[in-house]
Protein chains: 2
Amino acid sequence: MKKVSLEDISKELGVSKTLVSFVMNGRAKEQRISDEMAEKVLKKAKEMGYEANYAAKVLRTGKSDTIGLIIADISNTFFAKLARSIENNAQKHKYNVIYGSTDEDTRNSVKLIEVLKKKNVDGLIISPSIGDQKIIKQLNKEKIPYVLVDRYFPEIQSDVVVVNNFQGSYDIINRAIEQGSKKIAFLNFNAELVNMQDRFKGYQQALKDAGIPYEEKLVKNLNFSNMDKEIETAMKELLSISPTIDTIYFSNNQLMLLGVKYLLRTDKEFLSKVKVTSFDCYEFMDLLDLPISYGEQPIKEIGKVAVDLIVDKIENKHTTPKIITLPIKN
Amino acid sequence: MKKVSLEDISKELGVSKTLVSFVMNGRAKEQRISDEMAEKVLKKAKEMGYEANYAAKVLRTGKSDTIGLIIADISNTFFAKLARSIENNAQKHKYNVIYGSTDEDTRNSVKLIEVLKKKNVDGLIISPSIGDQKIIKQLNKEKIPYVLVDRYFPEIQSDVVVVNNFQGSYDIINRAIEQGSKKIAFLNFNAELVNMQDRFKGYQQALKDAGIPYEEKLVKNLNFSNMDKEIETAMKELLSISPTIDTIYFSNNQLMLLGVKYLLRTDKEFLSKVKVTSFDCYEFMDLLDLPISYGEQPIKEIGKVAVDLIVDKIENKHTTPKIITLPIKN
DNA sequence: AATAATTGCTAAAACGATTTAGTCAAAATG
DNA sequence: CATTTTGACTAAATCGTTTTAGCAATTATT
């Protein structure tokens, strides 16, 4: 039951393993191997159930046909859907994907990148966390192919796939204003990241263009750790300014979920009066009997573009970094 | 900028690479290498930034410290959460995970298992699809370590982690009956799989124990492909028996989501009169202003147990297959 | 003092591919 | 006819580990 190697086949046929290797890699023509010989090899290989040993291949060539996916949390629907899209598109290029969750902690990013590099992944698709600048710069220095998704660092040259956070956010707020909103609270998350800053800027600009004054007390910034607690505090503070607030804008879906849950628990009445809107959504949004509106991320497209980019980097070693911005759906 | 190898270190220190290898693998004591030498090696290795080449390691030892995860769809919350739990527990044992989605199509299972085997994964965690019996038997024959999760085939000896589908289903229906339900429709999915059959049996038994006659016309079986269409047809047929139906029981969360969406679109009034319950749930269930009750799967636990099992199989080669059944939360 | 055991270390094979640089004969070219 | 080209194939190095078998020198045992 032992595995069949190139050598086994070559011995069986009385030829060199070089020849067998060439045939198995489809390089028969190029290496002027006679058609009958090529056929004989192919036949014997199938007959003996030959399967190339990947480890040997990787050791020799350095290519593993595997890409690493590093995200905040695979169990989060956004990343889960992204992972699926990446899987599908990677498969088309004959790549598999190995994933790791960071929980937005840069120490985990570092560890994960380290081990995936060791395991010879050909490239990385990364949704970076706050503080990942150093490790990303390191990747640049080592010329490791990688693509950033969802977030990026403007000060670092990278290949990037993001959505148009500013415009998306602007449109959401603008629509709310058109529908009569006047006092719009904004709950942001991981505000240090550019994409979140852009969402904030979109919010500000929309207010400005509508002639609504920006009020700092209506904006709250939260972080990943202890989100449950933080959102409670933030909501309480906002409620103390109530009832003038007519709309709450959450900068992502997770925040929105927690926020709405909190209101359901504590102030159902307020919830029935206020409008809720969020940048991101869940698939169940239309089930809710709440006036929630949202912008939807083109997740499939993000995954596709990210894979196309990384494969291009791996296989063609193109050098000029691209930033690809996709529109969000309203 | 080339990678540092064992040999580089050995040359630098004027010792054999055997020695360096022993030290790097923590076998210094066992191999009677002097403490000072061990220390010297460790120091030099760190200084030179040595990192073992995994491909070489895998080629030599056959171990990749990677497990393969094969599920229906990583973007489905159930599997996404499972993937996260598996990732966390795998990490504790120094394993990474590489995933693939089958879309419940056995042809995809076969392909995925094939390529993951080629890539030297040490073991597989699989949520099998209908028709996977053949490939699973093959794994048994080849003595490839694997663990089935969520579903299994009673006729095949396997290591398995499942929930108590019968009891869970029984409890859900029983509770509904206690709350006054008399005519309970059941929408099942992938009914050929044992776990789904068990959910059905739990439903039947609960009816029986309550003295409610079983009615075949209240039960609908759906399949993965074309679920959207199928659920519409099924719901329409059920509605035609309405309004005597007072409860609809969905055998999983996806079904429930689609079913409720359908009702919201077409017959909101009916939805307000009927009780909805499902075996599985989504994290947003308590947001809904609908009388939906459900049983919750212990996903974290499933992942943990599955990883423990597979690691045990890989490292200790234990032989007697275990079926581990976990209770569902109500 | 002769033998046995221990200590500290190493040479070389093996894992299974890919690839460079040939070889040798037959055919083409001038 | 001498030389070049082509066609068909191969030997051997290489990728970077792990591991078996064994070698000297030192220490312990009787």
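Everything numeric here is computed off the predicted structure, so don't read it as measured data.

A.B. asks: Provide a residue-level description of the relation of the copies chain A and chain B, including the pertinent values.
C.D. replies: Look at the two chain copies: a rotation about an axis and a shift along it is all it takes to match them. The transform that puts chain A on chain B rotates by 180° and translates by 0.0 Å along the axis, for an RMSD of 0.1 Å. Both copies of the chain, as the preceding transformation shows, are related through a two-fold rotation axis. Ranked by how close their C-alpha atoms come to the rotation axis, the residues of chain A are headed by I98 of chain A, at 2.0 Å. Mapped onto chain B, 100% of the interface residues of chain A again fall at the interface, so both copies present the same surface.

A.B. asks: Now, about helix 4 (residues 54–61) of chain A: what can you tell me, with residues and values included?
C.D. replies: Those residues of helix 4 of chain A that fall on the buried side of the exposure criterion are Y54, A55 and V58 of chain A. Along the axis of helix 4 of chain A, the buried residues cluster in a sector spanning 100°; they form a single face. Away from its buried face, by an angle of more than 90 degrees, helix 4 of chain A presents the exposed residues R60 and T61 of chain A. Looking at the buried residues of helix 4 of chain A, the elements they touch are helix 4 (54–61) and helix 6 (106–118) of chain B. At the N-terminal boundary of helix 4 of chain A, the capping side chain belongs to N53 of chain A, with an oxygen 2.8 Å from the backbone nitrogen of A55 of chain A. Once helix 4 of chain A ends, the next one or two residues include G62 of chain A, with phi positive near 80°.

A.B. asks: Break down the interface of chain A and chain B for me, citing the residues and quoting the values.
C.D. replies: Contacts between the two partners involve 47 residues from chain A and, on the opposite side, 47 residues from chain B. Looking at the side of chain A facing chain B, the largest losses of area belong to R84, Y99 and L287 of chain A, adding up to 17% of the total buried there. Along the contact surface separating chain A from chain B lie four salt bridges. The residue D103 of chain B makes a salt bridge to R84 of chain A at a minimum N-O spacing of 2.9 Å. Counting the contacts that link chain A with chain B gives 18 residue pairs in polar contact (both at pLDDT 80 or more). Counting only elements with at least two residues in the side of chain A that touches chain B, the list comes to helix 4, strand 1 (66–71), helix 5 (77–92), strand 2 (96–101), helix 6 (106–118) and helix 11 (253–266) of chain A. Of the residues that constitute the side of chain A that touches chain B, the class distribution is 23 nonpolar, nine polar and 15 charged. Sheet topology places strand 2 of chain A next to strand 2 (residues 96–101) of chain B; three bridges connect them, and they run antiparallel. The residue bridging Y99 of chain A from the neighbouring strand is V97 of chain B, located in strand 2 of chain B.

A.B. asks: An account of the protein's contact with DNA strand D is needed here, citing residue identities and associated values.
C.D. replies: In the vicinity of DNA strand D, 30 residues are found, and the nearest of them are T18 of chain A together with L6, K17, S21 and R60 of chain B. Here a base nitrogen of DNA strand D and a side-chain polar atom of T18 of chain A are 2.8 Å apart. Contact distances for DNA strand D include 3.0 Å between a base oxygen and a side-chain N or O atom of K17 of chain B. Those elements giving two or more residues to the surface near DNA strand D turn out to be helix 2 (17–24) and helix 4 of chain A together with helix 2 (17–24) and helix 4 of chain B. Taken together, the residues of the surface near DNA strand D break down into twelve nonpolar, eleven polar and seven charged.

A.B. asks: Just give me the short version of helix 8 (residues 165–178) of chain A, but keep the residues and values in it.
C.D. replies: Residue and element names in this part refer to chain A. Between its first and last C-alpha, helix 8 extends 20 Å over 14 residues, near the 20 Å set by a 1.5 Å rise per residue. Those residues of helix 8 that fall on the buried side of the exposure criterion are N165, G168, S169, Y170, I172, I173, A176 and I177. If you follow the buried residues of helix 8, they end up packed against strand 5 (159–163), strand 6 (184–189), helix 9 (194–209), strand 8 (247–250), strand 9 (275–278) and strand 10 (292–294). Just beyond helix 8, the residue with positive phi is G180, at close to 110°.

A.B. asks: Explain the protein's contact with DNA strand C to me, using residue names and the numbers behind them.
C.D. replies: In the vicinity of DNA strand C, 30 residues are found, and the nearest of them are S5, L6, S21 and R60 of chain A together with R32 of chain B. Sugar plus phosphate: this is where 54% of the atoms of DNA strand C within 4 Å of the protein reside. N25 of chain A is positioned such that a nitrogen or oxygen atom in its side chain is 3.0 Å from a phosphate oxygen of DNA strand C. R60 of chain B places a side-chain nitrogen or oxygen 3.2 Å from a base nitrogen of DNA strand C. Secondary-structure elements contributing two or more residues to the surface near DNA strand C are helix 2 and helix 4 of chain A together with helix 2 and helix 4 of chain B. With five residues, helix 4 of chain A is the largest single contributor of residues to the surface near DNA strand C. Classifying every residue of the surface near DNA strand C gives twelve nonpolar, eleven polar and seven charged.

A.B. asks: Break down the side chain of D159 of chain B for me, citing the residues and quoting the values.
C.D. replies: Residues and elements named next belong to chain B. Position of D159 among the secondary structure elements: in the loop between strand 4 (146–149) and strand 5 (160–163). Of note is the side chain of D159, whose polar atom sits 3.1 Å from the side chain of K313. For D159, the contacting residues outside a window of four places in its chain are Y146, V147, L148, L309, K313, H318, T320, P321 and K322.

A.B. asks: I'd love a proper account of the environment of H93 of chain A, names of residues and values included.
C.D. replies: With respect to the helices and strands, H93 of chain A occurs in the loop between helix 5 and strand 2. For the pair H93 of chain A and K275 of chain A, spaced 182 residues apart in the sequence, the C-alpha separation amounts to 44 Å.

A.B. asks: Would you mind going over unusual backbone geometry in detail, with residue names and values included?
C.D. replies: All names here are of chain B. Notably, D103 is not glycine yet its phi reads approximately 55°, a positive angle. Relative to the assigned elements, D103 resides in the loop between strand 2 and helix 6. The exposure class of D103 is partly exposed, given its relative accessible area of 31%.

A.B. asks: Please set out the UniProt feature "domain: HTH lacI-type" (unreviewed entry) in chain A residue by residue, giving values where relevant.
C.D. replies: Within the UniProt annotation, "domain: HTH lacI-type" (unreviewed entry) is assigned to residues 4–61 of chain A. Counted over residues 4–61 of chain A, helix gives 66% and strand 0%. Its end C-alpha atoms are 20 Å apart.

A.B. asks: Before we move on, can you summarise the side chain of S75 of chain A with the specific residues and values?
C.D. replies: Looking at the secondary structure, you find S75 of chain A in the loop between strand 1 and helix 5. Of the residues examined, S75 of chain A reaches a relative accessible area of 14% and is grouped as buried. Dropping the residues within four chain positions of it, S75 of chain A is found in contact with A80, K81 and R84 of chain B.

Rules used throughout
- Residues numbered from 1 in each chain as written.
- Chains lettered and ligands numbered in written order.
- Predicted model: local features only at pLDDT ≥ 70, side-chain atom pairs only at ≥ 80, totals over all residues.
- Heavy atoms only, no water.
- Least-squares fit on C-alpha atoms with pLDDT ≥ 70 in both.
- Contact = heavy atoms within 4.5 Å.
- Buried < 20%, exposed > 50% of the residue type's maximum accessible area, 1.4 Å probe, protein only.
- Helix = DSSP H or I, 4+ residues; strand = E, 2+ residues; numbered from the N terminus.
- Arc of directions from axis to C-beta.
- Polar contact = N/O pair within 3.5 Å; in protein donor to acceptor, adjacent residues only side chain to side chain.
- Buried area = accessible area lost by both parts, 1.4 Å probe.
- Salt bridge = Lys/Arg side-chain N within 4 Å of Asp/Glu carboxyl O.
- Nonpolar A, V, L, I, M, F, W, Y, C, P; charged D, E, K, R; others polar.
- Pairing = 2+ DSSP bridges.
- Near = heavy atom within 4 Å.
- Expected span 1.5 Å × (residues − 1).
- UniProt positions renumbered as here; feature names shortened; annotations may be inferred.

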